[in-house]
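Observations on the three-dimensional arrangement
Here is what each chain is made of, one letter per residue.
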Amino acid sequence: MALNIPKCLELVNIDKGMTSPAAKVPYYPLVVDRGKGATVIDVDGNHYIDLLSSAGAVNTGHCHPRIVDAIKKQTENLILYTPVYMYHEPLIQLSQKLFDITPGEYRKRVFYGLCGSDANDGTIKMARTATKRKKIISFYRAYHGSTYGALSLSAVSLPMHRGLGPLLPEIHHIPYPDVYRTPYSGMDEDDVTKYCVERINELFKTCVPAEEVAAIFFEPIQGDAGLIVPPKSYVKALRQICDTYNILFVSEEVQQGFGRTGKWFGIENFDVVPDVVVMGKAIASGMPLGAVVAKAELMEQWEAPAHLFTAAGNPVCCAAACATVDVIRDEKLRENATAIGAYALARLKEMQNRFEFIGDVRGIGLSIGVDLVKDRETKERNTEAAAKICYQAWQKGLLLSFFSGSVLRIQPPLVISKDQMESALSKIEEAFEDYESGIIPDSVLETVKGW
Ligand SMILES: Cc1ncc(COP(=O)(O)O)c(C=O)c1O
């Protein structure tokens, strides 16, 4: 039976005539009205288990009472007095909390922004000023955001770039170590590490002098590329390269931070300490905030007004972020991400044995990708399967999406219970069966586009 969504459809129709298409990746007409924990409810009263967490921004779950309380209290006291000119306590408290949870036993400093994109832009500026070098290295298939600096770092999707140049100069892209779609067939993890390290060395030998490189922007799991988990050996080698040439190792944690992988930050899964940590999304449980924590000596090289925004680090977002850190710690959400994530990964791997179109299941904690293919040999991406399965899951009460053309994105709020995850996995399995039996009509492809 199809979902009953008259009000959703009506509202989506109105929105279609107003919102710029550049700002919407279409999945299905879900108009969210309310959310609680790992559940969202649409304007027609339908309930869904949320496997997307608002693009990984709501790790503490929707409307967590402690976050709501912190926001309410702060809103009654002070909404904004710009930290550019004056001081406020929630920001000072938050800075201390971020220093406590970010990796690295060195003296730290922080700057704030409004989102992940501008945090990346600020990091480019800071890295260039601190090192007095201009070149930046980033990875193919990375998404770092929509502002010009973040866009220049990104290399994941042509529509994101088309017609928008010139971008920031001196940004070079290298391959991310993908052990599923390997550069050549038959490569194992070590081969992939070796190959990708060689690509950096080749760059340094041919067209990019290592001593002119300020920073390498590295996601500890490459998110929008389809949740690619790198080999530990590669991450360690990258740290080594940065040490050898005095290049800053930037851990871009906008998507993997704040407990998502079972650690505060994704990079901790690889026993590597970065010089800079870039944060956004889940930092304030859905309130707009970005932050960059780095070695103090790097942050001490530039002066105002090199990087500041009127409302960045505003008291309400900082209060929400302080409560977010407390909730993740007190409610053991990292532990829950590890336990539920391991369970989901195992169940999805079982499904891989059953369904030929599942090419790969990978992830750490509650950051899991299910890569759908047309053929297990060629690994050609199966966008049609991904779109149909997401549509069908939505019909069954599951908020499921995909990215990178073929990868189902399993990133629920970290408060998700075992029962909720079990129910979500059953719905996914049913959607897989429906896809396999061919009952999901092609017409749904008009609705679900994804990216
Ligand atoms: C890894 C990564 N970096 C940066 C961003 C941009 O963050 P925002 O949309 O908050 O600007 C995203 C958003 O999807 C992301 O996944």
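Here we summarise the structure given alongside this text. Counting from 1, residues in each chain are numbered in the order their sequence is written. Reporting of local features is limited, given that this is a predicted model, to residues whose pLDDT is at least 70; pairs of side-chain atoms are given and counted only at 80 or more, and all residues count toward the totals for whole chains, interfaces and linings. The side-chain quantities take in all heavy atoms of the structure and omit both hydrogens and water.

**Comments concerning the site of the ligand**
So the rule is basically this: If even one non-hydrogen atom of a residue comes within 4 Å of a molecule or strand, that residue is called near it. Whenever two N or O atoms come within 3.5 Å, that pair is a polar contact, provided that in protein one can donate a hydrogen and the other can accept it, and provided that, for residues adjacent in sequence, both atoms are side-chain atoms. The way it works is that DSSP assigns letters per residue, a run of H or I at least four long becomes a helix, a run of E at least two long becomes a strand, and they are numbered from the N terminus.
What surrounds the ligand is a group of 13 residues, the closest being Gly116, Ser117, Glu252, Gln255 and Lys281. Contact distances for the ligand include 2.9 Å between an oxygen atom and a side-chain N or O atom of Lys281. Counting residues per element, the shell around the ligand draws most heavily on helix 5 (residues 116-131), which supplies 3 residues.

**Focus: the packing of helix 3 (residues 65-77) against helix 11 (residues 315-330)**
The criterion, for reference: Note on definitions: angles span 0 to 180 degrees between N-to-C directions of axes, and those axes are lines fitted to C-alpha atoms, for helices only across the stretch in contact. For this classification, under 35 degrees means roughly parallel, over 145 means roughly antiparallel, 65 to 115 means roughly perpendicular, and everything else is oblique. In this scheme, a crossing is called left-handed if the near helix is turned counterclockwise away from the far one by less than a right angle; it is called right-handed if the turn is clockwise. We call two residues contacting when some pair of their heavy atoms lies within 4.5 Å. Gly falls in the polar group here, along with every residue not listed as nonpolar (Ala, Val, Leu, Ile, Met, Phe, Trp, Tyr, Cys, Pro) or charged (Asp, Glu, Lys, Arg).
Contact geometry for helix 3 and helix 11: axes closest at 8 Å, N-to-C directions at 155°. Our classification of the angle between helix 3 and helix 11 gives roughly antiparallel. Regarding helix 3 and helix 11, the two cross each other, and that crossing is right-handed. Between helix 3, through Arg66, Ile67, Ala70, Ile71, Gln74 and Thr75, and helix 11, the contact on the second element is made entirely by Pro315, Val316, Ala319, Ala320, Ala323, Thr324, Asp326, Val327 and Asp330. Here the residues of the contact of helix 3 with helix 11 sort into 9 nonpolar, 3 polar and 3 charged.

**Regarding the sheet that holds strand 4 (residues 108-113)**
Put simply, the rule reads: Here the rule is simple: two strands pair whenever DSSP picks up at least two bridges between them.
What the 7 strands build is an open sheet, ordered 4-10-9-8-7-5-6; its pairing is mixed. In this open sheet, the two edge strands, each paired with only one partner strand, are strand 4 and strand 6 (171-174). Strand-to-strand, the axes of this sheet are offset by a mean angle of 20°, without reference to chain direction. Note that strand 5 (residues 135-139) and strand 7 (residues 213-218) share 3 bridges and pair parallel. Residue Ile137 lies in a different strand from strand 7, and its bridge partner there is Ile216. Of the strands in this sheet, strand 4, strand 5, strand 6, strand 7, strand 8 (248-252), strand 9 (276-279) and strand 10 (290-295) touch helix 5, which is tilted by about 150° from strand 7. Of the strands in this sheet, strand 5, strand 6 and strand 7 touch helix 8 (residues 189-206), which is tilted by about 145° from strand 6.

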